[in-house]
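Secondary and tertiary structure notes
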Amino acid sequence: MTHQADFAAALFDPARPCPSGLRAWNGSDPALRHAVHRNNVVVSLVDALADTFPVVRELVGADFFAAMARDFVCAQPPRSPVLALYGGALPAFIEQFAPAAAVPCLADMARLEHARVRACHAADAPALGATAVAARLARPDALPGARLALHPSASIVVSPHAVVSLWAAHQGSGDEIERVELDRPESALVLREGEDAVVVAIDRPTAHWLQQLAAGAALADAACAVPQLDLAAAFGVLLRHPALTAWEEP
Amino acid sequence: MPQPRRHADAPVGVGFKPQHLADLLAGNAVDFVEVHAENCMVAGGPVLARLARVREHCALSLHGVGLSIGGAQPLDEAHLDRLAALVERFEPRWFSEHLAWSSHGGTYCNDLLPLPYDAATLARVCEHVDRLQQRLRRRVLLENPSTYVEFEASTLGEAEFLSDVVARTGCGLLLDVNNAYVSAVNHGRDARAFIDALPADAVGEIHLAGYAEDRDAAGDRLLIDTHGAPVAEAVWALYRHAVARCGPQPTLIERDHDVPVFGVLAAEARRAGHAMGEVLATGSELAA
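Because the structure is predicted, anything quoted here is derived from the model rather than measured.

How each quantity is defined
- Positions within a chain are numbered from 1, following the residues in the order the chain's sequence is written.
- The lettering of chains begins at A and the numbering of ligands begins at 1, in the order of writing.
- Selection of residues for local features in this predicted model requires a pLDDT of at least 70, selection of side-chain atom pairs for listing and counting requires 80 or more, and totals for whole chains, interfaces and linings are taken over all residues.
- Secondary structure counts use DSSP, requiring at least four H or I residues in a row for a helix and at least two E residues in a row for a strand, with both numbered from the N terminus.
- Each radius of gyration is computed over the set of C-alpha atoms, and the globule rule expresses the reference value as 2.2 Å times the number of residues to the power 0.38.
- Using C-beta atoms placed from the backbone, we call a residue buried if 20 or more other C-beta atoms fall within 10 Å of its own, exposed if 12 or fewer do, and partly exposed for counts in between.
- For the purpose of contact definition, each residue receives a C-beta atom placed from its backbone, and two residues are in contact when these atoms lie within 7 Å.
- At least two bridges found by DSSP between two strands are what make those strands a pair.
- In this analysis, axes come from line fits to C-alpha atoms, helices being fitted only over the stretch in contact, and the angle between any two N-to-C directions falls in the range 0 to 180 degrees.
- Each residue carries a pLDDT value, the predictor's own confidence for that position, ranging from 0 to 100.
- Working definition: the nonpolar core is a set of buried Ala, Val, Leu, Ile, Met, Phe, Trp, Tyr and Cys residues, joined through C-beta atoms within 7 Å.
- All the domain ranges listed were derived from an automatic or database domain assignment.
- Under the convention adopted here, Pro, Cys and the residues Ala, Val, Leu, Ile, Met, Phe, Trp and Tyr are nonpolar, Asp, Glu, Lys and Arg are charged, and Gly plus all remaining residues are polar.
- Angle categories are assigned with fixed cut-offs, so that under 35 degrees is roughly parallel, over 145 is roughly antiparallel, 65 to 115 is roughly perpendicular, and the rest are oblique.
- Note on convention: the crossing is left-handed when the near helix lies turned anticlockwise from the far helix by less than a right angle, right-handed when the turn is clockwise.
- Arc definition: it is the arc formed by the directions from the helix axis to the C-beta atoms.

Here's the deal with the overall build of chain B
Summing up its helical and strand segments, chain B has 9 helices and 13 strands in all. What you see for chain B is a C-alpha radius of gyration of 18 Å, in line with the 19 Å of a compact globule of 288 residues. Here chain B holds 288 residues, and the buried ones make up 49% of them. Taking all contacts inside chain B whose residues are at least 6 apart in sequence as the whole, residues at least 24 apart take part in 76%.

Structure representation (structure tokens):
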């Protein structure tokens, strides 16, 4: 192992000894000094995750979150110096993290929060306004074959838990936290509106329909794939939120 | 209302924080801001929109924290491309990076890690600085680090090492006076002698920041470069020494933790401006 490989490995593994070849001017044990770096690395990355996942942190408490995030950081350290999207693997990590099993919605809440961060930093692109969407809806003959492009900031979160209501409650904008029925399935369209990453509650058929559209399906094919779809309600979402960048008619 | 500065002979600035945007744009309390390049490496959205507004308002220093110039492996060309794209788009007045490493084997450590100062490291750092300057098509400033450990393998002092990098690559120096102080205390050295041993002409920017204080295993002072406190008085005194030696330089107040309101940081920046003016007017680094 090269010295830097050894040094880096020791940063993420508290069980590894301090790297060799270090010294201090006063002959003191360099391990304590090396620990400054260990602390810098882990604390800064745990803090970065706390910024990205504030509701996950509130749900489990600061201490539990810090311990879980430390385990994640050491297991899956960043692969890039660009940390804006670090933590995309945290939801899957949470699913495997036994102590978090008592909070079944935690992984999906992490998915929702990471979707918000992705929405915030996604590419800029002019969105089709309500007028443009309405104009296309007014041409029914062209609807079945139309293909829609979702805005780069848009993503869909589907959960068996009430993560949308719970997230809203934590923003102070929905029900009280205690009143959220956690076992109710919920879905969301997450996207950027202005400078804000917003969470739009949608029903599950609409979520699946949007996923079909995002995968490139034509409107009619996407609708056929989702039998329970309330098409008027689904179009309503597209009229109210800047979720589309293109609407190609056949 | 922001007070215009009266005595600065070089621009003063603060590290940019999004929560300070409105206050920054409302006046001319500082001459420039510095942003960490890696924080701006996003596809779009408010981060870049804010940076564009800031750039219209005042000069910009782009400060890289993740290139790993001291890395044992070749520079990350994809990261160089991202840096070059930012430099091209936002045309910063200064670009700086660190004498440190932060990535190895595809893992990014998110800290500025120390290097042995020997001939092999010197050759590698020079090669990387050459590549960086070639890719960005400009002279870059290399920052002296805060360090906590030294290496048995080191054969050169830090000032000698930096002087050699400057001589071989033509890069400039970002003199972080807080780092100079922190490292001097941590290694039982004289911070003034460190500054005196640098090539004064190469210094193109100065950083000031606050540190935290700890103790090492022998009970001696161990200072931690936290950017979480006001600039210490000992660092202000060392700053005056640096100005006396290197002349007035663009000076930046860094603050990344326990960030106060904009006015508090701007006041520290103005203090740097006054100090530069005084040192220049009196010819003495001693405070009036």
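Read on for the rest.
Looking at the sheet that holds strand E5 (residues 196–202) of chain A
All names here are of chain A. Here we have 3 strands laid out as an open sheet, ordered E3-E4-E5, and antiparallel in their pairing. In this open sheet, the two edge strands, each paired with only one partner strand, are strand E3 (155–159) and E5. Averaged over all neighbouring strand pairs, the angle between strand axes comes to 25°, with direction disregarded. Here E3 pairs with strand E4 (residues 186–193) via 5 bridges, running antiparallel. Bridging from a neighbouring strand, serine 155 pairs with valine 190 of E4. The sheet contacts of helix H9 (residues 204–214) involve E3, E4 and E5, and relative to E3 the element is tilted by about 140°.

Some words on the confidence of the model for chain B
Residue and element names in this part refer to chain B. Here chain B averages 95 in pLDDT, and 97% of its residues register 70 or above. This stretch, residues 1–8, has a pLDDT under 50; its non-local contacts, to residues over four places away or in other chains, come to 16 contacts. Interface confidence for the predicted complex, given as ipTM, is 0.94, next to a pTM of 0.95.

Considering the nonpolar core
Counting residues in hydrophobic clusters, the biggest one holds 149 residues, and the most contacted among them are Met109(A), Val190(A), Leu142(B), Leu173(B), Val177(B), Leu208(B) and Tyr239(B). Tallying contributions element by element places helix H6 (residues 106–121) of chain A first for this core, with 9 residues. For this core, the two domains that each supply at least three residues are domain 1 (1–103) and domain 2 (124–250) of chain A. Those residues in contact with Leu142(B) that sit more than four places away from it in its chain are Glu97(B), Leu99(B), Val129(B), Leu162(B), Val165(B), Cys171(B), Leu173(B) and Leu174(B).

Re unusual backbone geometry
Residue and element names in this part refer to chain B. Non-glycine residue glutamate 91 carries a positive phi angle of around 40°. Note on glutamate 91: 11 C-beta atoms within 10 Å, which makes it exposed. Backbone geometry at asparagine 110 places phi at a positive 55°, although glycine is not the residue there. Looking at the secondary structure, you find asparagine 110 in strand E6 (residues 107–113). A residue is classified by how many C-beta atoms lie within 10 Å of it, and asparagine 110, with 26 of them, is buried.

Let's talk about the interface of chain B and chain A
Each partner contributes to the interface: chain B provides 38 residues, whereas chain A provides 40 residues. Elements represented by at least two residues in the side of chain B that touches chain A include exactly helix H2 (46–57), strand E5 (101–104), E6, strand E8 (150–151) and strand E12 (221–224) of chain B. Ranked by the residues each element gives to the side of chain B that touches chain A, the list is headed by E6(B), at 6 residues. For the side of chain B that touches chain A, the class distribution of residues is 18 nonpolar, 14 polar and 6 charged. Pairing of strand E1 (residues 22–23) of chain A with E8(B) involves 2 bridges; the strand directions are antiparallel. By the bridge assignment for E8(B), Leu22(A) is matched with Phe151(B).

Section: the domain arrangement of chain A
Interface size is often expressed as the accessible area that is lost when the parts come together. The domain boundaries assigned to chain A delineate domain 1 (1–103) and domain 2 (124–250). Distance from the C-alpha centre of domain 1 of chain A to the C-alpha centre of domain 2 of chain A: 36 Å.

With respect to the packing of helix H3 (residues 77–90) of chain B against helix H4 (residues 119–136) of chain B
Helix-helix packing: each pair is described by the crossing angle between the helix axes and the interaxial distance. Residues and elements named next belong to chain B. Relative to each other, H3 and H4 sit at 40°, their axes nearing to 9 Å. Considering their axes alone, H3 and H4 lie oblique with respect to each other. As H3 packs across H4, the resulting crossing turns out to be right-handed. From H3, Leu80, Leu83, Ala84 and Val87 reach across to H4, where they touch Leu132, Arg135 and Leu136. Its residues assigned to classes, the contact of H3 with H4 comprises 6 nonpolar, no polar and 1 charged.

Considering helix H1 (residues 3–12) of chain A
Looking at H1(A), one finds that the buried residues are Gln4(A), Phe7(A), Ala8(A) and Leu11(A). Along H1(A), the residues classed as buried sweep out an arc of 95° about the axis, all on the same side. Lining the buried residues of H1(A) we find helix H2 (30–52) of chain A together with E5 and E6 of chain B.

Considering the environment of Asp111(B)
Within the secondary structure layout, Asp111(B) lies in strand E6. Between the C-alpha atoms of Asp111(B) and Asp225(B), which are 114 residues apart in sequence, the distance is 11 Å. Those residues in contact with Asp111(B), other than ones at most four positions away along the chain, are His37(A), Asn40(A), Val41(A) and Ser102(B).

Comments concerning the packing of helix H7 (residues 130–137) of chain A against helix H11 (residues 231–240) of chain A
All names here are of chain A. Where H7 contacts H11, the two axes come as close as 8 Å, and the packing angle between them is 145°. Residues Ala130, Val133, Ala134 and Leu137 of H7 lie in contact with H11, whose contacting residues are Phe235, Leu238 and Leu239. Its residues assigned to classes, the contact of H7 with H11 shows 7 nonpolar, no polar and no charged.

Section: the sheet that holds strand E2 (residues 32–36) of chain B
Residue and element names in this part refer to chain B. Taken in spatial order, the 8 strands close into a barrel running E1-E2-E3-E4-E7-E9-E10-E13, and their pairing is parallel. Pairs of neighbouring strands in the sheet enclose a mean axial angle of 30°, with direction left out of account. Sheet topology places strand E7 (residues 141–143) next to strand E9 (residues 172–176); 3 bridges connect them, and they run parallel. Each bridged residue has a counterpart across the sheet, and for leucine 141 the counterpart in E9 is glycine 172.

Considering the environment of Thr52(A)
Residues and elements named next belong to chain A. Among the secondary structure elements, threonine 52 is positioned in helix H2. Separated by 85 residues in the primary sequence, threonine 52 and leucine 137 place their C-alpha atoms 37 Å from one another. Those residues in contact with threonine 52 that lie beyond four places of it in its chain are Gly87, Glu113, His114 and Val117.

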